[in-house]
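Letter by letter, the chains look like this.
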Amino acid sequence: MSKKNSITMFGSASVGAVPDSMSVSLGVEARHGQAEGAYALAASRARDLVAALGRAVPGAKLSTTGIGLRARMVWRNDENVLAGYEADSMLRLTHVGIEQVSEVLGAAVAAGGDALRIHSVQAEVSNPAFAYATARELAFADARTKAEQLAALAGCTLGKALR
């Protein structure tokens, strides 16, 4: 394939898609003087949160996205001193109906109380395949239109796409 008589062109396109579901990223945090205590408290609060979310939106998908345990240090009398431990458990809830978000957040607050941390609430398109395919078709058409214009300006005709 010779590039002697060829035009290389790039196309672009964008397609809008209306979000039809939501995802919620949240977690619980606990503090305790001992690492084991902090971890146990966070695990207990996470179990309560998982149960509450399961009751609020039984069809949603719930996954654990992280578990953490760390020392909590404070600066006291010119030195870093151990003040206890912090543990957390992060969860992600997906496939939540848009109309269910308030119920989900209410259930999370009731179950998690002061230990609850809401990280994000995001609108999503549950099946973006059609939008992606449409965008690719439009991008190809955009590239072809540009290439046809350049070929016409050069006094040539455009053949089929090479790759």
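Cut-off values and rules
Residues numbered from 1 in each chain as written. Predicted model: local features only at pLDDT ≥ 70, side-chain atom pairs only at ≥ 80, totals over all residues. Heavy atoms only, no water. Pairing = 2+ DSSP bridges. Helix = DSSP H or I, 4+ residues; strand = E, 2+ residues; numbered from the N terminus. Axes fitted to C-alpha atoms, helices over the stretch in contact; angles between N-to-C directions. Contact = heavy atoms within 4.5 Å.

1. Examining the sheet that holds strand S4 (residues 116-124)
Okay, so step 1: Ordered in space as S2-S3-S1-S4, the 4 strands form an open sheet in which the pairing is antiparallel. If you trace the sheet from one side to the other, it starts and ends with strand S2 (61-76) and S4, each paired once. Each strand axis lies, on average, 15 degrees off the axis of its neighbour in the sheet, ignoring direction.
Okay, so step 2: As defined by bridge partners, strand S1 (residues 21-32) adjoins strand S3 (residues 79-96) across 10 bridges and the pair is classed as antiparallel. For Arg31, the partnering residue across the bridge sits in S3 and is Glu86.
Okay, so step 3: Across the face of the sheet, helix H1 (residues 35-56) comes into contact with S1, S2, S3 and S4 while running at roughly 150 degrees to S1.

2. Here we look at unusual backbone geometry
Okay, so step 1: Its identity as a non-glycine residue notwithstanding, Asn77 has a phi of 50 degrees, on the positive side.
Okay, so step 2: Secondary-structure assignment places Asn77 in the loop between S2 and S3.
Okay, so step 3: Phi at Asp78 is positive, roughly 65 degrees, even though this residue is not glycine.
Okay, so step 4: Residue position: Asp78 is located in the loop between S2 and S3.

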